[in-house]
Amino acid sequence: MSSSLVSPLGRIAVLPSAVADQIAAGEVVERPASVVKELVENALDAGATSVEVDVEDGGKRLIRVSDDGTGMQRDDAILALARHATSKIRVASDLVGVASFGFRGEALPAISSVSMLRIDTAPADGEGTRIRSAAGELLGAEPAARRRGTTVEVSQLFYNAPARQRFLRGARSEWRAIADTLTTIALVRRDVRIVARQDGKAMFTLPPARDLRDRIAALWGGPYAERFLAVDDVSGPTHTCGLVERPADVGLASRRVHIAVNGRAIRDTGLVRAAEAAYRSTIPAGVRPALFLEIVMPANGIDVNVHPAKTEVRFHDRWVLERAVEAAVRRALGTFDSGAMFGRTAWPAAAAPVYGSPPVDVEAMRPAFDADGPLFVDEEPMETGAAPDSREPAAVDEPVPPLLQLRRTWMMFEAGDGVVLIDQHSAHERILYEQFMGALARGDAPSQRLLFPLTLHLTPEEEEAFESNSDLLQKLGFEAEAFGGHSILVHAVPAPHPRFDAERCLRETLASLTGDRFAAVHARHERLAATVACKAAVKAGDALSAGEMRALFVALRDTTLPAHDVHGRSTIVQLGWDELERRFGRR
């Protein structure tokens, strides 16, 4: 058998090593930001606590990354430029659940093949090693004095690949890509000091941060960091934590998304969609929240070796993971803390309000409440300020603050460091929506048979809406049938509360559904539940008695997402004492 590297027909040949190196470089080195990413991740893998990045001309002329991590001996420094050389992998099984960043062993030789490279490294203060290379060829290795750590200097990127060089953008665009790369790394490794300079000008200096919120504040300012709710939830072996944007603030600033799995920042549209799904019925259609989520899961449930730049991964059981992320975000949104805030920072979990109970935290205030029962007691409405009704329901296990109705529209109470306003219509809408969603899932909504059937005359469009949704309306408690022409005969209606006007609710619901088209059954029943809840809820202008306000407060406290109605509007607004004192000139 011939040992030639060219086939007898001359069609297939083994590529020269220089060409193979440039193909490998194309997988890893797309632009200067790719070089920065690989070099900084190598520094972090070496145990660096401080990393400094200097770039010139957007990284096209020079990229220098210096760290204080574990340096290399002379032989290791030379070997680091060889293809497939790495300090992280020894056997194939090490590829499963690898925790380091630069484990592929392709970065330095790939970068070297398309640039002029210099490495200064030392395992301890004193004598170190300087390595020089150009276009992948080793030019020399010599002693050099250096403190412990490594400096990698990449100059004239793509000087020997002019076709690739023409695809680079201007210096400002390339710098923005580098800044985005460093920002992503800074969010993951908050324990490391990161300094970046562009053309000698300091662009940012990030000291080590205590937590994710502090790092975000250092990057984009304190007011931006206060827009977020904390997420911390465990579902089976999956731990999801981080920060998600408060629904009332969504769409008011730049949207940023950061997802990390087992300490590695990744791109994954599935996880982003799962987190966004938790916002259903809390934000208006068309807006998307900012997300900073970190997921820790078993190493054998993820394959990180599926993308040259390690920005994409493969999950063993994606569905379970996405449901865990969605549940974690929804629990974070399911507190009074997710309501709109004015003049104050985060709602402190340790502060004690004046009426002696914990602050407005849905878990701390959760009573033993029958969510399937009627919301209001059977009593006549009473003007706010009148004597308490003797038929007021018994006090729940958890304390309820004294409530005051304002303009027959809002309920107000005093909390530890401010006052809280609750929109009575939005609150009742949220309560009924979750009750109706539960009824649709179980198919057992309580209904009340009418002594005399109710006849409704519909337009052709309303009749079509009724026929399209009759199965779901029946699950909600509406028992109706066609009655010739464009009429329906209603035999039973739901009874969510004594104020419920069944005829008006059904008419307005069918009118709202006229001409509606749904992409899926799931979306259709959610929309129907939201529509019926909106039409069935108490309205602004309805006077509520003290007992009714207490019942409304307790029921809202028991919902999953109390701070927002089904249209994405705020149910709860919190106004801090600091803001009030400022308005009255006390500050």
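Residues numbered from 1 in each chain as written. Predicted model: local features only at pLDDT ≥ 70, side-chain atom pairs only at ≥ 80, totals over all residues. Heavy atoms only, no water.

A few points about the pairing of strand β18 (residues 410-415)
Right, so step 1: Residues M411, F413 and A415 line the buried face of β18, whereas the alternating positions W410, M412 and E414 sit on a face that is not buried.
Right, so step 2: Where strand β17 (residues 404-406) folds back onto β18 in an antiparallel hairpin, the turn is made up of three residues, including R407, whose phi is positive at roughly 50°.
Right, so step 3: With six bridges joining them, β18 and strand β19 (residues 418-423) adopt antiparallel strand pairing. Looking at the pairing, E414 lines up with V419 of β19. (Buried < 20%, exposed > 50% of the residue type's maximum accessible area, 1.4 Å probe, protein only. Helix = DSSP H or I, 4+ residues; strand = E, 2+ residues; numbered from the N terminus. Pairing = 2+ DSSP bridges.)

Details of the packing of aromatic side chains
Right, so step 1: Per the stated rule, a full pass over the model turns up five aromatic pairs.
Right, so step 2: Both rings, one in W220 and one in F292, keep their centres 5.9 Å apart while their planes meet at 45°; by these two values the pair is tilted. Taken together, the residues W220 in helix α7 (residues 212-220) and F292 in strand β13 (residues 291-296) connect sequence positions 72 residues apart.
Right, so step 3: Relative accessible area serves as the criterion here: at 27%, W220 is assigned to the partly exposed category.
Right, so step 4: Here the aromatic cluster, defined as three or more aromatic residues joined through ring pairs, consists of W220, Y224, F228 and F292.
Right, so step 5: When the ring centre of Y224 is taken as origin, the NZ or CZ atom of R256, which lies over that ring, is 4.9 Å away.
Right, so step 6: Taking the ring centre of W319 as reference, the NZ or CZ of R323 above it sits at 5.5 Å. (Phe/Tyr/Trp six-rings, centres within 6.5 Å; stacked < 30°, edge-to-face > 60°. Lys NZ or Arg CZ within 6 Å of the ring centre and 35° of its normal.)

Quick look at the sheet that holds strand β12 (residues 264-266)
Right, so step 1: Strand order in this open sheet of five strands is β9-β10-β13-β11-β12, and the pairing throughout is mixed. With partners counted over all chains shown, the strands left at the sheet margins are β9 (228-235) and β12, one partner each. The sheet shows a mean angle of 20° between the axes of neighbouring strands, taken without regard to direction.
Right, so step 2: Strand direction decides the pairing type here: β9 and strand β10 (residues 238-245), joined by eight bridges, are antiparallel. (Axes fitted to C-alpha atoms, helices over the stretch in contact; angles between N-to-C directions.)

Looking at the pairing of strand β3 (residues 116-122)
Right, so step 1: Most of β3 sits inside the fold, with five of its seven residues counted as buried.
Right, so step 2: Across six bridges, β3 lies against strand β4 (residues 126-134) in antiparallel orientation. Across the sheet, T121 pairs through a bridge with T129, a residue of β4.
Right, so step 3: Two elements, β3 and strand β6 (residues 149-155), share seven bridges in a ladder whose sense is antiparallel. Paired with D120 across the strands is T151, a residue of β6.

Keep in mind these numbers describe shape, not what the thing actually does.
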